[in-house]
Amino acid sequence: MSKYIIKRLIYVAFVFFILSIILFGMYKLVPGDPAKMMVDQELAAKDPAKFEQAYQNARKTLGFDKPVYVQYCKWMGKMLTGNFGYSSIYRKDVAEVVKLPLLNTAKLNILNLILVFAITIPLGITTAIKRYSVYDNTVQVLTVIGISLPSFIIALVCIYFFAIKTPIFFISGMATAGADFHGIRLFWDKLHHMLLPLLVMTLFSLASITRYVRGAMIDVLRMDFIRTARAKGLREKVVIYSHAFRNALIPVVTIFTWWFVGIFGGSIIIEQIFLYNGMGQIMIQSLRNQDFALCLTMNMFYIILALAGNLIMDLSYLLVDPRVKLS
């Protein structure tokens, strides 16, 4: 197993560098000059010489005065040591800019993961056991509706019902403006602001994951070893949770892993709607303002997340089913 992990880590490093070269090249081809955005544009009309001097200083600060391959090597070398560059719109280091939004996005997505796990697995299992019943048909109809609705529609519906018609949640923001809360009140205030985007993300994820869990369970429940287990007189709970669910875990692990990797990107829309100070907000602002250092850092974060998710998914197969051979 250690040999397999080492081989996969080498593969991950290779893919990481290839993607970093492609991404860096793509950003260099994008029209626009981030260095100019760092300089006061009114200075160009008032004093062209000072503007040119400030522009050249900005190019030097961003490293644009060097050839592209030198820029890439310097960028990659710094990134590997934790120096992600300088943000041209926030006028400070990228690491400092993304620190809080990354933490906020991680909290939102981890809570979402826990809720989706807690709801979809029991729901998927029970619908598979009671398939074609009224309960199963009702859940199936609701999941089809859920899959058909994009996240921003669910967000608008939730805002209307839970923030306007019945104002139990806040429409947007991270905390009450001007409030001087401390301790438990501060914690509750932040959690209260997070509940509506969390509800939307959870509702958006429920339908597809429930259908995957149900489908995987139905496939396993049709197998011969389940009939054998029942014929031997094992209790139904043991058959379902010990024999059937364990064998249904491989497709479930696959979909959960890719879903978790995807929601970090997917939460961009939700964060934008609810003005949530997360990675989504920062990503949109950096793209609008051509802040390449910030864009590249976040794109590399998503790449690392996807590669790590792929490796964790393969290792999880071994844990849920020892018959799986890693090679």
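Everything numeric here is computed off the predicted structure, so don't read it as measured data.

*Asks:* Honestly, the packing of aromatic side chains in this entry has me stumped. Any pointers?
*Replies:* Each pair of aromatic rings is reported with the distance of its centres and the angle of its planes. Counted according to the given criterion, the structure contains eight aromatic pairs. Centre to centre, the rings of Tyr 27 and Phe 292 are 5.7 Å apart; their planes meet at 50°, and the pair counts as tilted. Residue Tyr 27 is located in helix α1 (residues 2–29), and its partner Phe 292 is located in helix α14 (residues 292–320); the two are separated by 265 residues in the primary sequence. Comparing Tyr 27 with Phe 292 shows no difference in burial state: the two are buried. Pairing Tyr 72 with Trp 75 gives two aromatic rings, centres 5.8 Å apart and planes at 55°, and the pair type is tilted. Taken as a pair, Tyr 72 and Trp 75 lie in helix α5 (residues 68–80) at a separation of three residues, close to a single helical turn. Judged by its relative accessible area of 10%, Trp 75 is buried. Each member of the aromatic cluster is reached from another via a ring pair, and the members are Phe 24, Tyr 72 and Trp 75. Stacked on the ring of Tyr 135, the Lys or Arg Lys 130 has its end atom at 5.4 Å from the ring centre.

*Asks:* Before we go on, may I ask you to explain the nonpolar core in this structure?
*Replies:* Grouped burial of nonpolar side chains is what soluble globular proteins tend to show. Ile 125, Ile 209, Met 217, Leu 221 and Phe 256 are the most contacted members of the largest nonpolar core, which has 24 residues in total. Elements with a minimum of two residues in this core: α6 (94–129), α9 (183–221), α10 (224–231), α11 (236–247) and α12 (249–273). Of the residues forming this core, the biggest block, seven residues, is contributed by α9. Each residue touching Ile 125, except ones within four places of it in the same chain, is listed here: Val 213, Met 217, Ile 240, Tyr 241 and Phe 245. One finds Phe 24, Tyr 27, Leu 296 and Ile 303 within the second-largest nonpolar core, a separate group that totals 16 residues.

*Asks:* Quick question: what am I supposed to make of the pattern of salt bridges here?
*Replies:* On inspection of all chains with the given rule, the structure shows five salt bridges. With a closest N to O distance of 4.0 Å, Arg 222 and Asp 219 form a salt bridge. Its relative accessible area of 46% is what places Arg 222 among the partly exposed residues. Note that Arg 227 is salt-bridged to Asp 224, the shortest N-O span being 2.5 Å. Separated by three residues within a single helix, Arg 227 and Asp 224 lie in helix α10, roughly one turn from each other. Its relative accessible area of 54% is what places Asp 224 among the exposed residues.

Rules of the game
- Residues numbered from 1 in each chain as written.
- Predicted model: local features only at pLDDT ≥ 70, side-chain atom pairs only at ≥ 80, totals over all residues.
- Heavy atoms only, no water.
- Phe/Tyr/Trp six-rings, centres within 6.5 Å; stacked < 30°, edge-to-face > 60°.
- Helix = DSSP H or I, 4+ residues; strand = E, 2+ residues; numbered from the N terminus.
- Buried < 20%, exposed > 50% of the residue type's maximum accessible area, 1.4 Å probe, protein only.
- Lys NZ or Arg CZ within 6 Å of the ring centre and 35° of its normal.
- Core = buried A, V, L, I, M, F, W, Y, C linked by side-chain atoms within 4.5 Å.
- Contact = heavy atoms within 4.5 Å.
- Salt bridge = Lys/Arg side-chain N within 4 Å of Asp/Glu carboxyl O.

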